[in-house]
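Each chain, letter by letter, is given below.
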Amino acid sequence: MAEKIIECVPNFSEGRNKDVIKKITDAIESVEGITLLNVDPGFEMNRTVVTFIGKPESVKEAAFRGMKTASELIDMRTHKGAHPRMGATDVCPFIPVSGITTEECIALSCEVGERVGRELGIPVYLYEKSARTPQRENLAIIRQGEYEGFAEKMKHPEWKPDYGPDVFNAESGATVIGVREFLVAYNINLNTREVKYATDIAYELREKGRSAREYSATPFYNKRPDIMKYKDGDFPCGTCDYHGKTIQDTVAHCMNEHQYDLADLLILNGINAENPVGESVKKPGLFSNCKAIGWMVPEFGRAQISINLTNYKITSMHQVLEATRKLAEERGIVVTGSEIVGMVPFAALYETGKYYLAKQGRSTGVPWRDVLETAVQSLGLQDVNPFIIDERVLGLPKADDNALVSMKVSELLAEVSRESPAPGGGSIAALSGALGATLSSMVANLTLQKDLTQEAAEQLHSAANTCQALMDQLQAAIDDDTNAFAQYMTALKMPKNTPEEKAVRKAAMQSGLKQAVSVPLGTAKASLHALEVAKVVVQLGNPASITDVGVGALTAFTGVKGGVYNVLINLKGIDDAAFNSEMREICEDLTAKAEEYLNFVTTRVEERLKA
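The structure presented is a predicted model; accordingly, all values stated were derived computationally and were not measured.

(A) Region of interest: the overall build of the protein chain. Broken down by element type, the protein chain carries 19 helices and 15 strands. Residues classed as buried in the protein chain amount to 51% of the 611 residues present. A fraction of 74% describes how many contacts in the protein chain between residues 6 or more apart in sequence connect residues 24 or more apart. Total accessible area on the protein chain is roughly 28,700 Å²; 51% of this is exposed by carbon and sulfur atoms.

See the structure below:
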């Protein structure tokens, strides 16, 4: 089961004072469970981008501590820098990485925003997916006017903050908090040193596409009184410190380097962008949520297409790569490989691996690491730099080093055999169910290598994928069962000297027993599902492997019965009669279905053995 992981990327308005930056990151790292991934200070920008990950509660606390420290150490009244900014913590995005929904992240961002406004006295604006009005979705629109103009901006009712005071905080400024999708920085390598080819393909790929006609800044400059105050050499990029020799230079820079069109550029400079004179006509690109430019990388001796995928769930790495391969071939160019800059979510790489397995006609119902290795090979991620899965993928489904499932088989057998009450039957039931699922997966995958009807292949593909999910679920239950029993044992040891202590102890024991019931019940249900899959595989699977399905069904049946036994034994200590009655009814139903499914499978197996 995927662990709940959130990435947080706060941008602090300090990029020069190393001591201040260190104190901010120290505050973030002081929270248990936080992993600091990157600290990227920019001197000219006078801004530092910090990236860290962790579980939701840890990330929530670390973000607040970072913003609190920034508010204490950064005085915006003296701050100067090339990057647009509005506060000591300019923006603090939360990004769901694994095991957590966007809605959960939005709720978390609101909790942080409310606390920052209440405890630090900083006006807070929610943006992107957390925004409460469309006007506030775009960070550039909220930030418009920057720190120097925000006191006046806040006087307008439409710019009342979502949290915090209605008046500007001169020392700390204002901040923007919200949820956005994970940005995958993905580069595609070409076997050419000609940047023009990389740029040309980038224009075809990116959402903004290419200009259908050349843009001329002259009519724009002559007909827009709000821009005539700028002279050549003074018109700023709006995102970086670039000032072109002419206005045309700046516009060209923004279009090529930051993928802005003219309207974006105007907004970033605080200028009305409605119907800008001279704006180029755009031919849309192939992919939404895709930004791309071409550049030369001397270190690699080749041109590269640098891509930002702002929502990998809509536009994936493999979609962009396959399109690039076709566009490159049309130009006589070859894609030599690609690279991921920084980290990548497990789900993004996993879906890519499944895509290429399916394209090869192979089963996607294989262990997750096999899927990821297929993705790494298919994308050519080893082309210019090593790519190590365990170091570069966020949210890998891995167990704690001390978990039962991390033990060698011999170690687990020895641990179970000792005089301690846990791990016991509940953990072994979960292990049995997991083993049952793996055998059905194996036979399904073996059979998929043969010529099959489309219907049979689809059913076996589904069976293999279902078995992988059940295997992961039941593998987690091996430790969950032991941990649930430990919760009950902890309650059992609570003090019982007074009536109050006895009442608290009893309530904790009842809660612990109900938890001790829920885990084996889940084991029984998942194991029954594995038995149900075995019914499909025994009919469609390779006859030479039919006994493997039989063994899998028998072990899955043990998972069902073992889970039921552990539910029933724990019900004896629970006082809730209605709860007990419901659980017993469910257990009877699970047992009856398990016996039916097992009988179906074993009958098929034994008939085959007699033939």
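Alright, that's what it looks like, and here's the rest.
(B) Structural detail: the pairing of strand E13 (residues 335-341). With five of seven residues buried, E13 lies mostly within the body of the structure. Here strand E8 (residues 184-190) pairs with E13 via six bridges, running antiparallel. For Ala185, the partnering residue across the bridge sits in E13 and is Val341.

(C) Fine view of the packing of aromatic side chains. All chains considered together, the criterion is met by seven aromatic pairs. Summarising the aromatic geometry, the rings of Phe150 and Phe168 are spaced 6.1 Å apart at their centres and angled 35 degrees between planes, so their arrangement reads as tilted. Here Phe168 lies in the loop between helix H5 (146-153) and strand E7 (175-179) and Phe150 lies in helix H5, a separation of 18 residues in the sequence. Here Phe150 falls in the buried class, since its relative accessible area comes to 0%. Here the aromatic residues Tyr125, Tyr147, Phe150, Trp159 and Phe168 are joined through ring pairs into a cluster of three or more. The lysine or arginine in question, Arg115, covers the ring of Phe64, its NZ or CZ lying 3.7 Å from the ring centre. In this arrangement the basic side chain of Lys535 is found over the ring face of Phe600, its NZ or CZ atom lying 5.1 Å from the centre.

(D) Broad picture of the side chain of Gln468. Within the secondary structure layout, Gln468 lies in helix H16 (residues 454-492). The class of Gln468 is buried, set by a relative accessible area of 9%. Polar side-chain contacts of Gln468 include one of 3.1 Å to the side chain of Ser441. Other than its neighbours up to four places away in sequence, Gln468 contacts Gly365, Val366, Pro367 and Ser441.

(E) Up close: the pattern of salt bridges. Inspection of every chain in the model, using the stated rule, returns 31 salt bridges. Between Asp200 and Arg331 there is a salt bridge; the shortest N-O distance is 2.7 Å. Pair noted here: Asp200 is in helix H6 (residues 195-205) and Arg331 is in the loop between helix H10 (317-330) and E13, with a separation of 131 residues, a long-range link. The class for Asp200 is partly exposed, based on a relative accessible area of 25%. According to the relative accessible area criterion, Arg331 is partly exposed, its value standing at 23%. Residue Glu322 pairs with Arg325 through a salt bridge whose shortest N-O separation is 2.6 Å. Taken as a pair, Glu322 and Arg325 lie in helix H10 at a separation of three residues, close to a single helical turn.

(F) Local environment of unusual backbone geometry. Of note in the backbone geometry, Asn46 takes a positive phi value of approximately 50 degrees without being a glycine. Residue position: Asn46 is located in the loop between strand E3 (35-42) and strand E4 (47-54). In this structure, Asn289 is a non-glycine residue whose phi angle is positive, near 55 degrees. Structurally, Asn289 is set in the loop between strand E10 (282-283) and strand E11 (290-297).

(G) Layout of empty space enclosed by the protein. Applying the stated rule across the entire model yields one cavity of 30 Å³ or more. Space inside the largest cavity adds up to approximately 50 Å³. Around the largest cavity sit Met67, Gly87, Ala88, Thr89, Val116, Ile122, Ser172, Ala174 and Thr175, which together line it. For the lining of the largest cavity, the class distribution of residues is five nonpolar, four polar and no charged.

(H) Layout of the state of the cysteines. Counting across every chain of the model gives zero disulfides. In this structure Cys8 is a free cysteine whose sulfur lies 3.5 Å from that of Cys92, the closest cysteine sulfur available. Note on Cys8: relative accessible area 0%, which makes it buried.

(I) Up close: the packing of helix H17 (residues 499-540) against helix H19 (residues 577-610). Interhelical geometry of H17 versus H19 gives an angle of 25 degrees and a closest axis separation of 9 Å. One finds that H17 runs roughly parallel with respect to H19. Two packed elements cross with a definite hand, and for H17 against H19 that hand is left-handed. Taking contact as the criterion, the partners of Lys514, Val517, Leu521, Ala524, Lys525, Leu528, Leu531, Glu532, Ala534, Lys535, Val538 and Gln539 in H17 are, on H19, Phe579, Met583, Ile586, Leu590, Lys593, Ala594, Tyr597, Leu598, Phe600, Val601, Arg604 and Val605. Per-class residue counts for the contact of H17 with H19 are 17 nonpolar, one polar and six charged.

(J) The arrangement of the sheet that holds E8 in detail. The strand order E11-E12-E8-E13 describes an open sheet built from four strands, whose pairing is antiparallel. The sheet terminates laterally at E11 and E13, the two strands that pair on one side only. Taking the axes of each pair of neighbouring strands and ignoring which way they run, one obtains an average angle of 20 degrees across the sheet. Of the pairings in the sheet, the one linking E8 to strand E12 (residues 302-309) comprises six bridges and is antiparallel in character. Across the sheet, Tyr186 pairs through a bridge with Ile307, a residue of E12. Lying over the sheet, H10 contacts E8, E12 and E13, oriented at roughly 20 degrees with respect to E8.

So, how was this worked out
Residues numbered from 1 in each chain as written. Predicted model: local features only at pLDDT ≥ 70, side-chain atom pairs only at ≥ 80, totals over all residues. Heavy atoms only, no water. Helix = DSSP H or I, 4+ residues; strand = E, 2+ residues; numbered from the N terminus. Buried < 20%, exposed > 50% of the residue type's maximum accessible area, 1.4 Å probe, protein only. Contact = heavy atoms within 4.5 Å. Areas by Shrake-Rupley, 256 points an atom, 1.4 Å probe, with all protein chains shown as cover. Pairing = 2+ DSSP bridges. Phe/Tyr/Trp six-rings, centres within 6.5 Å; stacked < 30°, edge-to-face > 60°. Lys NZ or Arg CZ within 6 Å of the ring centre and 35° of its normal. Polar contact = N/O pair within 3.5 Å; in protein donor to acceptor, adjacent residues only side chain to side chain. Salt bridge = Lys/Arg side-chain N within 4 Å of Asp/Glu carboxyl O. 1 Å grid on protein atoms, 1.4 Å probe; cavity = no way out; pocket = protein on both sides within 12 Å on 5 of 7 lines; lining within 4 Å. Points joined across faces, edges and corners; volume = space filled by probe spheres on them. Nonpolar A, V, L, I, M, F, W, Y, C, P; charged D, E, K, R; others polar. Disulfide = S-S within 2.5 Å. Axes fitted to C-alpha atoms, helices over the stretch in contact; angles between N-to-C directions. Parallel < 35°, antiparallel > 145°, perpendicular 65-115°, else oblique. Left-handed = near helix turned anticlockwise from the far one by under 90°.

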